Amino acid sequence: MYGFEAMTFNIHGGYLEAIVRGHRSGLLTAADYNNLCQCETLEDIKMHLSATEYGPYLQNEPSPLHTTTIVEKCTLKLVDEYKQMLCQATEPLSTFLEYITYGHMIDNVVLIVTGTLHERDVQELLEKCHPLGMFDSIATLAVAQNMKELYRLVLVDTPLAPYFSECITSEDLDDMNIEIMRNTLYKAYLEDFYRFCQKLGGATAEIMSDLLAFEADRRAVNITINSIGTELTRDDRRKLYSSFGLLYPYGHEELAVSEDIDQVRAVMEKYPPYQSIFSKLSYGESQLLDKAFYEEEVKRLCLAFEQQFHYGVFFAYMRLREQEIRNLMWISECVAQNQKSRVHDSVVFIF
Amino acid sequence: MGERGREGCCPPMDLMRSEPMHLVQLIIPIESAHRTISYLGDLGLIQFKDLNAEKSPFQRTYANQIKRCGEMARKLRFFREQILKAGFSPAVRSVTEADLNLDDVEVKLGDLEAELVEINANGEKLQRTYNELAEYKLVIQKAGEFFHSALSSAEAQQREFASNQSGEESLETPLLSEQEMTTDPSKQVKLGFTAGLVPREKSIAFERILFRATRGNVFLKQAVVDNPVTDPVSGEKVEKNVFAVFFSGERAKNKILKICDAFGANRYPFSEDLGKQAQMITEVSGRLSELKTTIDAGLVHRGNLLQTIGEQFERWNFLVRREKSIYHTLNMLSIDVTKKCLVAEGWSPVFATKQIQDALHRATQDCNSQVDAIFQVLHTREMPPTYFQTNKFTSAFQEIVDAYGVAKYQEANPGVYTIVTFPFLFAVMFGDWGHGICLLLGTLYFIIREKKLSSQKLGDIMEMTFGGRYVILLMSLFSIYTGFIYNEFFSVPFEFFSRSAYSCRDLSCSEATTVGLIKARDTYPFGVDPAWYGSRSELPFLNSMKMKMSILLGVAQMNLGIILSYFNSKFFGNSINTWFQFIPQMIFLNSLFGYLSVLVIIKWCTGSKADLYHVMIYMFLSPTDEIGENQLFPGQKTTQLVLLLLAFVSVPWMLLPKPFLLKLQHDRHRGQYAPLPDSEESLQSESNQDSHGHEEFEFSEIFVHQLIHTIEFVLGAVSNTASYLRLWALSLAHSELSTVFYEKVLLLAWGYNNVIIIIVGIIIFICATVGVLLVMETLSAFLHALRLHWVEFQNKFYEGDGYKFYPYSFALIDYEEE
């Protein structure tokens, strides 16, 4: 029903779209970031944030603040907003909203499994998990010894179960295959999400496929860069790329055989949307790539708000808030560790 | 409200125009700054301007103090939460202005918080142990039952088995003999087990995971605990199940332990031995009672602490709030280069000058400061804030005006007239003295219990009604008045002032409805003659009367609006508006609708049968025709021609001269300064002129604006007059509705002569009267009166683009925080 969303969208989605747009207008602006970057102590940051929407979440924190507290409270706000929206949502928006959290679920699973492998305390690991990606039996992950058990014991009950079909092996878990598992899961998740959005159709499909394609391409680049110099074979590497996106399929072929960062760059520069990202970097540079990607992502996410009657705004809002929390974390860390000169290294202005 | 001396004999005309304000500058020595601001806050008559708007909150001078206050406020919130949780309520505010030192309070708060946190931590620890023991006891009891029942069933089986054994061998006799089964304990697999509690909603998932993890090699037994158990970790009441898991092997044990941890299942050591179990139970019970006394003692101690905090709480809270606001204000002041004094700028009413100077002086003295604070008035072209001194009676009416827009500084305030016109227009639509009395009783209740009600929290709607109690009071009084005029009491007419002027032609009154009545007495002295009600011509008569009355009221109110625009232009010295806006507007409105009103009055006085519609319509269509039978007074035709001509002339009069004159004025200003470019003074004044005075002068814009204004007025004169007919329409609707309820419910029920039906009828009547007539009709009449004021009345003169005076005042701060 492309083009006819305007007639029916507001029946179920209108209220929540209004809510999410309201939330968006509460995002910190460049002026806020400028002020935050001038802060001398964490108290200053709290003081500044108390004038924003984070105020009620931070006001009851006793005085010696820590970066973790700030981040935790800010995340709590995001989670509260998410839960509120999820409560109000009807199908298919509620499924869409749930899809947004699967990425965090994958991260959490990997976090717990890696943590247990290195014999960390489960409770401590649970605290580090992103609250959006929590599910009931997450703590039980610690019991599993290999992929098969992981799947059979815990994940079969979670929405992640279908994504697991490709990585069930009875090998014991180690760092390498956990990382592969993460990427396989993510690939399956992105593809599934992509299919789901296509099924929704309309402006949602149009906007989400653009955003997800960017996500997939970014992951492909990251996988390539991270796997350079490891024992991951080219075929294995190719298997981790999602089967959609701008790079699919020819870019993937080339990425799979890239052996250093400059080759990756040569591949990517063939794609006009990514040219601008790479043109900012000097040759051989990969440190700033993350930031460049984040900036591009933020730009695209902001554009999602320019169109009405689609679900992409929810995805975009969640991502923007997460970016904002990352920014706050970075600023707080810099302030706490007296590294104020580095504040601007990783802060991505949203507006 | 504050009493103040005014020269002259006239009563203060505070509400006519907003208070004269001036921008003042205070230069305060830094050592007395705090006290000065605090005294000014007590006074509450100065609105500080933020002179540091470009600085972020933490870069300002007193950021640290604000942080301290914020921290203290947090502690106080913590105390309040604790006190409320413990079930005390903070003591009622003691308004003793005891000198509390902020630093002392800060130290004290810190100590108290530390103490409270420690007590809480200890209490929590004890509570946790207590809860653990309570759970343990449950486990022992419930799991003990498993073992007990298992044992008895095993015994029963064994007995059965034994009895089978003793009997003859049959086909059912197991091949393995009993000896083989029981002996050889070394080979027997030792079953391990663990027992504990698991939250009930997780119990199914728990069982499933256990099953999966051990591939079914596990035996789980669960028992429901009836009452919710306090979870030792979270301290919340949770529904739980007691479980006992039996397993074999070390690996299974590890897995099960991990799963138990993951599910938040608390495990407890447990022994199979029944004797030991009994011993454990007594032991645990003993410790439980011991802990109970300790916890109770701790609670009493904590209660005492909270009680002492509660006594002081309001004072501290008060102090901290004030201090925080003082530092916020101090942050708005700019600091002098020498860092010896602070410079404040703010608006204050002119009359408050003396009080402010007094406060400054007192502050200097109390601080033993060497230097007095300096008070000086600045001259500025900025628009000052609008400040009306209202009291509890006038404030609600002023609110009605402010809701539309805050008056421009010193512009004529419609609020004064609203006090009378608003309730009156309402009453015209709500004319029924029975309903008026009901409203009056309701609002009198609010007014009598004013003191009590204003101190407590009411609901949203109640709050609004309570806030507007004086508006409602006047509304009800006026509706009683118009009710008498309409002669309606719940739609029943009364012969209140004398007998009806009319009587029947014959005794039986048989022709009253067809032929009519004859006038027998003098005209009914006040209001509508009751004989009209129920007659055939009731509606035509009342409609004609109310319609004409609405037009008269409307024209009068619109004229008042236009006259107020004259007072505005006179006050602001704007003669262009007087000559080219006020006068043509007056002429236009009155030559059409003023004339209509005059005709109405003449018709009423003379009892003429002229058709006014006809007169008005043909005044436009064919002004030169003979009027004929519709003639109301001699020379009517000439008068109409003149009026029509005036109306036509006044339209271009309104439209054309003003923009051209403004342009001329602007050009003249230009011309004045142009020949003196080299004089420094004129340069300065010109730059001032440019920066503050007229900005861009765009002739086309002014012209279009004037065009819109003129069209709006000309069309508005017609449509606004028509709009006043809502007075008639609503009044008609009101009286018809109440007639329906009276006749179709009350009288109908009365006719049945059945007690039950009568009671039901009365109940329905009361509900309908209260729900529909007293609540909904009041609301709709209120809204229409509001519209008539905002749109029809105020658009004639009211700019409403000012901003409110918002003084720095402790009274306001205290009010807000609650």
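Residues numbered from 1 in each chain as written. Chains lettered and ligands numbered in written order. Predicted model: local features only at pLDDT ≥ 70, side-chain atom pairs only at ≥ 80, totals over all residues. Heavy atoms only, no water.

Under an unreviewed UniProt entry, the name given to chain B is V-type proton ATPase subunit a, and the organism recorded is Forsythia ovata. Per UniProt, chain B has the following entry under Subcellular location (unreviewed entry): "Membrane". Under the Sequence similarities (unreviewed entry) heading, UniProt states for chain B: "Belongs to the V-ATPase 116 kDa subunit family." (UniProt positions renumbered as here; feature names shortened; annotations may be inferred.)

Under an unreviewed UniProt entry, the name given to chain A is V-type proton ATPase subunit, and the source organism is Forsythia ovata. A UniProt comment under Subcellular location (unreviewed entry) is attached to chain A, and it reads "Vacuole membrane".

### Overview of the overall build of chain A
A tally of regular secondary structure across chain A gives 18 helices and 0 strands. Taken over C-alpha atoms, the radius of gyration comes to 21 Å for chain A, in line with the 20 Å a tight globule of 351 residues would show. When the backbone C-alpha atoms are referred to their principal axes, chain A occupies close to 55 × 50 × 45 Å. Counting the 351 residues in chain A, one finds 54% classified as buried. For chain A, the exposed area adds up to about 15500 Å²; of that, 51% sits on carbon and sulfur atoms. A gap of 3 Å separates the mean positions of the 31 positive and 52 negative side-chain charges of chain A. (Helix = DSSP H or I, 4+ residues; strand = E, 2+ residues; numbered from the N terminus. Rg over C-alpha atoms; globule rule 2.2 N^0.38 Å. Buried < 20%, exposed > 50% of the residue type's maximum accessible area, 1.4 Å probe, protein only. Areas by Shrake-Rupley, 256 points an atom, 1.4 Å probe, with all protein chains shown as cover. Lys, Arg positive; Asp, Glu negative; His and termini not counted. Charge placed at Lys NZ, Arg CZ, Asp CG, Glu CD.)

### Let's talk about the overall build of chain B
A tally of helices and strands in chain B yields 24 helices and 13 strands. Counting the 818 residues in chain B, one finds 42% classified as buried. Of the contacts formed within chain B by residues at least 6 apart in sequence, a portion of 80% connects residues at least 24 apart. Total accessible area on chain B stands at roughly 45100 Å², and carbon and sulfur atoms take up 60% of it. (Contact = heavy atoms within 4.5 Å.)

### Comments concerning the sheet that holds strand β7 (residues 240-247) of chain B
Residues and elements named next belong to chain B. Pairing within the open sheet is antiparallel, and its 4 strands lie in the order β4-β7-β3-β8. Of all the strands in the sheet, the pair left with one neighbour each is β4 (218-224) and β8 (266-268). Here the average twist between neighbouring strands, direction ignored, is 25°. When strand β3 (residues 192-199) meets β7, the two strands line up antiparallel, connected through 8 bridges. Bridged to Leu-197 within β7 is Val-242. Across the sheet, helix α5 (residues 200-213) lies against β3, β4 and β7, angled at about 170° from β4, the strand it touches most. Along the sheet, helix α6 (residues 250-262) makes contact with β3, β4, β7 and β8, crossing β7 at roughly 165°. (Pairing = 2+ DSSP bridges. Axes fitted to C-alpha atoms, helices over the stretch in contact; angles between N-to-C directions.)

### Some details on the interface of chain A and chain B
Taken together, the contacts link 25 residues of chain A with 20 residues of chain B. Here chain A and chain B share an interface that buries about 2000 Å² over both sides, 56% of which is from carbon and sulfur atoms. Put simply, chain A and chain B have 1 salt bridge between them. Between B:Lys67 and A:Asp44 there is a salt bridge, with the nearest N and O atoms lying 2.6 Å from each other. Of all the elements, helix α4 (residues 42-49) of chain A adds the most residues to the side of chain A that touches chain B, at 5 residues. In the side of chain A that touches chain B, the residues fall into 8 nonpolar, 10 polar and 7 charged. (Buried area = accessible area lost by both parts, 1.4 Å probe. Salt bridge = Lys/Arg side-chain N within 4 Å of Asp/Glu carboxyl O. Nonpolar A, V, L, I, M, F, W, Y, C, P; charged D, E, K, R; others polar.)

### Details of the packing of helix α10 (residues 415-429) of chain B against helix α23 (residues 755-793) of chain B
All names here are of chain B. At a minimum axis separation of 9 Å, α10 and α23 run at an interaxial angle of 130°. It follows from the interaxial angle that α10 and α23 lie oblique. For the pair α10 and α23, the crossing hand works out as right-handed. Taken together, the residues of α23 that come into contact with α10 (itself represented by Tyr-417, Thr-418, Thr-421, Phe-422, Leu-425, Phe-426 and Met-429) are Thr-778, Ala-781, Phe-782, His-784, Ala-785, Leu-786, Leu-788, His-789 and Phe-793. (Parallel < 35°, antiparallel > 145°, perpendicular 65-115°, else oblique. Left-handed = near helix turned anticlockwise from the far one by under 90°.)

### What to know about the pairing of strand β10 (residues 341-349) of chain B
Residue and element names in this part refer to chain B. When you tally the buried positions in β10, you get 9 out of 9 residues, the bulk of the element. Of the two faces of β10, the one lined by Cys-341, Val-343, Glu-345, Trp-347 and Pro-349 and the one lined by Leu-342, Ala-344, Gly-346 and Ser-348 are each fully buried. Judged from the 9 bridges that link them, strand β1 (residues 21-29) and β10 form a sheet pairing that is antiparallel. For His-22, the partnering residue across the bridge sits in β10 and is Ser-348.

### A short note on the environment of B:Met280
All names here are of chain B. Within the secondary structure layout, Met-280 lies in helix α7 (residues 274-332). On the basis of relative accessibility, which here comes to 27%, the residue Met-280 falls in the partly exposed class. Measuring from C-alpha to C-alpha, the distance between Met-280 and Lys-240 comes to 21 Å, with 40 residues separating the pair along the chain. Those residues in contact with Met-280, other than ones at most four positions away along the chain, are Tyr-136 and Ile-140.

### Concerning the packing of helix α7 (residues 93-117) of chain A against helix α10 (residues 175-200) of chain A
Residue and element names in this part refer to chain A. Running from N to C, α7 and α10 cross one another at 175°; their axes reach a closest spacing of 10 Å. On the basis of the axis angle, α7 is roughly antiparallel to α10. When the residues that make up the contact of α7 with α10 are grouped by side-chain class, the tally is 18 nonpolar, 3 polar and 4 charged.

### Comments concerning the nonpolar core
The biggest cluster of nonpolar side chains holds 167 residues, and the ones touching the most others in it are A:Phe96, A:Phe193 and A:Phe314. Beyond its immediate stretch of four places on either side in the chain, A:Phe96 contacts A:Phe193, A:Phe196, A:Cys197, A:Leu200, A:Thr204, A:Met208, A:Tyr311, A:Gly312, A:Phe314 and A:Phe315. (Core = buried A, V, L, I, M, F, W, Y, C linked by side-chain atoms within 4.5 Å.)

### Brief notes about the environment of B:Gln410
All names here are of chain B. As for its placement among the helices and strands, Gln-410 is situated in the loop between α9 (394-404) and α10. Once the C-alpha coordinates of Gln-410 and Pro-385 are considered, the two residues, 25 residues apart in sequence, prove to be 9.3 Å apart. Setting aside anything within four residues of it in sequence, one finds Gln-410 in contact with Arg-17, Ser-18, Glu-19, Pro-20, Phe-571 and Phe-572. Here the side chain of Gln-410 touches Ser-18 through a polar contact of 2.6 Å, landing on its backbone oxygen. (Polar contact = N/O pair within 3.5 Å; in protein donor to acceptor, adjacent residues only side chain to side chain.)

### Re the pattern of salt bridges
Residues and elements named next belong to chain A. Within the structure shown, the criterion is met by 46 salt bridges over all chains. Note that Arg-319 is salt-bridged to Glu-215, the shortest N-O span being 3.0 Å. Residue Arg-319 is found in helix α17 (residues 312-336), and its partner Glu-215 is found in helix α11 (residues 202-227); the two are separated by 104 residues along the sequence. You'll find Arg-319 and Glu-215 in the same group, each marked buried. One salt-bridge network, held together by shared partners, links Glu-53, Lys-77, Glu-81, Arg-321 and Glu-324.

### A short note on the UniProt feature "transmembrane region" (unreviewed entry) in chain B
In this numbering, the UniProt entry assigns the feature "transmembrane region" (unreviewed entry) to residues 424-448, 469-486, 549-567, 579-602, 638-656 and 755-776 of chain B. In the segment residues 755-776 of chain B, helix accounts for 100% and strand for 0%; the C-alpha atoms at its two ends are 30 Å apart.

### Here's the deal with the packing of aromatic side chains
Here the structure, examined in full by the defined rule, presents 56 aromatic pairs over all chains. Aromatic side chains A:Tyr189 and A:Phe193 sit 5.9 Å apart centroid to centroid with 25° between the ring planes, which places their arrangement in the stacked category. Pair noted here: A:Tyr189 and A:Phe193 are both in helix α10, with a separation of 4 residues, about one helical turn. The interplanar angle of 65° and the centroid separation of 5.9 Å between the aromatic rings of B:Trp433 and B:Phe494 together place this pair among those described as edge-to-face. Taken together, the residues span a long stretch of sequence, with B:Trp433 in helix α11 (residues 433-448) and B:Phe494 in the loop between α14 (469-486) and β12 (502-503) at a distance of 61 residues. The aromatic ring of A:Phe305 is capped on one face by A:Arg24, whose charged end is 4.9 Å from the ring centroid. The positively charged end of B:Lys546 is found above the aromatic ring belonging to B:Tyr486, 4.4 Å away from the centroid. (Phe/Tyr/Trp six-rings, centres within 6.5 Å; stacked < 30°, edge-to-face > 60°. Lys NZ or Arg CZ within 6 Å of the ring centre and 35° of its normal.)

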